[in-house]
Amino acid sequence: MGASTKTGKFAVGFTFASFFFIIIAFATPFWLQNDGERRDAKFNNLGLWEVCFTDFQDIHRFYDTKFTGCMWIFEEEYYIIHDFLLPGFFIAVQFFFTICFTLLLIGILITLIYLGCSKDNDRYIMLLLTNGTTLIISALCGLIAVITFGANGDNRDWMPNWEHNDMGWSFALAVIGVFLIFPAGVLFVVEARRATYRRLNEIGNQEAAYSMDDRKYRGGHTDI
């Protein structure tokens, strides 16, 4: 069965650990949050899909609507400030982190198949390579997302009172999760390489044994 080696066990462990951090980061609204030092802060916190305001009004638009509470970022009520809420960098963060999360889900499914797969299965090595490649691509997408958000999330051109806005714990979990996916993917590739060598050695040993048996048979047949 799968994960019988240390490399395989560590790969599985890193995969499930990264999924734990990534799914929490994906669903929670604390990528950016107010530090709480300013009582009249208009911005409270934000995640990939939810934002929380307190009497927020976009002074750059000619309307009197104020936003209070937490809502889905694509809520119809927010359509008049979508160009403010969804700058290009944030859309890129949502896009790449969603790909990261989706590929990680695929990686989890492949990992579960790997755990029940026999090493003698003809597709065992391909399974390892596919999973390793999927996870590495997932990690790269996640890395693009967290670097982009880290560089632009708390700048002065986006959320109000930028000097009181800090990266939140959801973002920290996203960073941890992304950096756990990398070793998971690499270890699956390493395990695939080792499995390939083991299989080639087994084939070589079988051929050598067959050759020796064949010689003994021919030698015994000649003596007769």
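Cut-offs and rules
Residues numbered from 1 in each chain as written. Predicted model: local features only at pLDDT ≥ 70, side-chain atom pairs only at ≥ 80, totals over all residues. Heavy atoms only, no water. Helix = DSSP H or I, 4+ residues; strand = E, 2+ residues; numbered from the N terminus. Buried < 20%, exposed > 50% of the residue type's maximum accessible area, 1.4 Å probe, protein only. Contact = heavy atoms within 4.5 Å. Areas by Shrake-Rupley, 256 points an atom, 1.4 Å probe, with all protein chains shown as cover. Axes fitted to C-alpha atoms, helices over the stretch in contact; angles between N-to-C directions. Parallel < 35°, antiparallel > 145°, perpendicular 65-115°, else oblique. Left-handed = near helix turned anticlockwise from the far one by under 90°. Nonpolar A, V, L, I, M, F, W, Y, C, P; charged D, E, K, R; others polar. Pairing = 2+ DSSP bridges. Core = buried A, V, L, I, M, F, W, Y, C linked by side-chain atoms within 4.5 Å. Phe/Tyr/Trp six-rings, centres within 6.5 Å; stacked < 30°, edge-to-face > 60°.

A.B. asks: An account of the overall build of the chain is needed here, citing residue identities and associated values.
C.D. replies: Looking only at helices and strands, the chain has five helices and five strands in total. The order of helices and strands in the chain, counted from the N terminus, is α-β-β-β-β-α-α-α-β-α. Counting all 224 residues of the chain, 40% fall into the buried class. Nonlocal contacts in the chain, meaning residues at least 24 apart in sequence, comprise 67% of its contacts between residues at least 6 apart. Summing over all exposed atoms, the chain offers an accessible surface of approximately 12,600 Å²; the carbon and sulfur share of this is 62%.

A.B. asks: Lay out the packing of helix α3 (residues 88–115) against helix α4 (residues 124–152) with the relevant residues and their values.
C.D. replies: Pairs of packed helices are described in terms of their axes, by the angle between the two and the distance that separates them. Their axes nearest at 8 Å, the elements α3 and α4 cross at an angle of 155°. On the basis of the axis angle, α3 is roughly antiparallel to α4. Once α3 is placed against α4, the crossing between them reads as left-handed. Classifying every residue of the contact of α3 with α4 gives 23 nonpolar, nine polar and no charged.

A.B. asks: Kindly report on the pairing of strand β2 (residues 43–46), identifying the contributing residues and their values.
C.D. replies: The sheet contact formed by strand β1 (residues 32–34) and β2 spans two bridges and is antiparallel. Residue pairing for β2: Leu32 is matched across the bridge by Leu46. Where β2 lies against strand β3 (residues 50–56), three bridges are found, and the strand directions are antiparallel. Across the sheet, Asn45 pairs through a bridge with Cys52, a residue of β3. The antiparallel hairpin formed by β2 and β3 contains three residues in its connecting segment.

A.B. asks: Please set out the nonpolar core residue by residue, giving values where relevant.
C.D. replies: Counting residues in hydrophobic clusters, the biggest one holds 52 residues, and the most contacted among them are Leu46, Phe53, Leu85, Phe97, Phe149 and Met159. Elements with a minimum of two residues in this core: α1 (6–27), β2, β3, β4 (67–72), α2 (82–85), α3, α4 and α5 (169–223). Sorting elements by how many residues they give to this core places α4 first, with ten residues. In this view, Leu46 contacts Pro29, Phe30, Trp31, Leu32, Val51, Ile73, Phe90, Phe149, Trp158 and Met159; residues no more than four positions away in its chain are not counted.

A.B. asks: Go over the packing of aromatic side chains, please, and point to the residues and values.
C.D. replies: Applying the stated rule across the entire model yields 23 aromatic pairs. Consider the rings of Phe56 and Phe84, whose centres lie 5.3 Å apart with planes at 20°: the pair is stacked. One end of the pair, Phe56, is in strand β3; the other, Phe84, is in helix α2, with 28 residues separating them in the sequence. Of the two residues, Phe56 and Phe84, neither departs from the other in class, the shared state being buried.

A.B. asks: Before we move on, can you summarise the sheet that holds β2 with the specific residues and values?
C.D. replies: Whenever strands of a sheet pair, they do so through backbone hydrogen bonds, lying parallel or antiparallel. Strand order in the open sheet formed by five strands is β4-β3-β2-β1-β5, with antiparallel pairing between adjacent strands. Looking at strand neighbours, the two that pair on one side only are β4 and β5 (165–167), the edges of this open sheet. On average, each strand axis in the sheet is tilted by 20° relative to the strand beside it, whichever way the strands run. In this structure, β1 lies alongside β5, joined through three bridges in antiparallel fashion. Looking at the pairing, Leu32 lines up with Met167 of β5.

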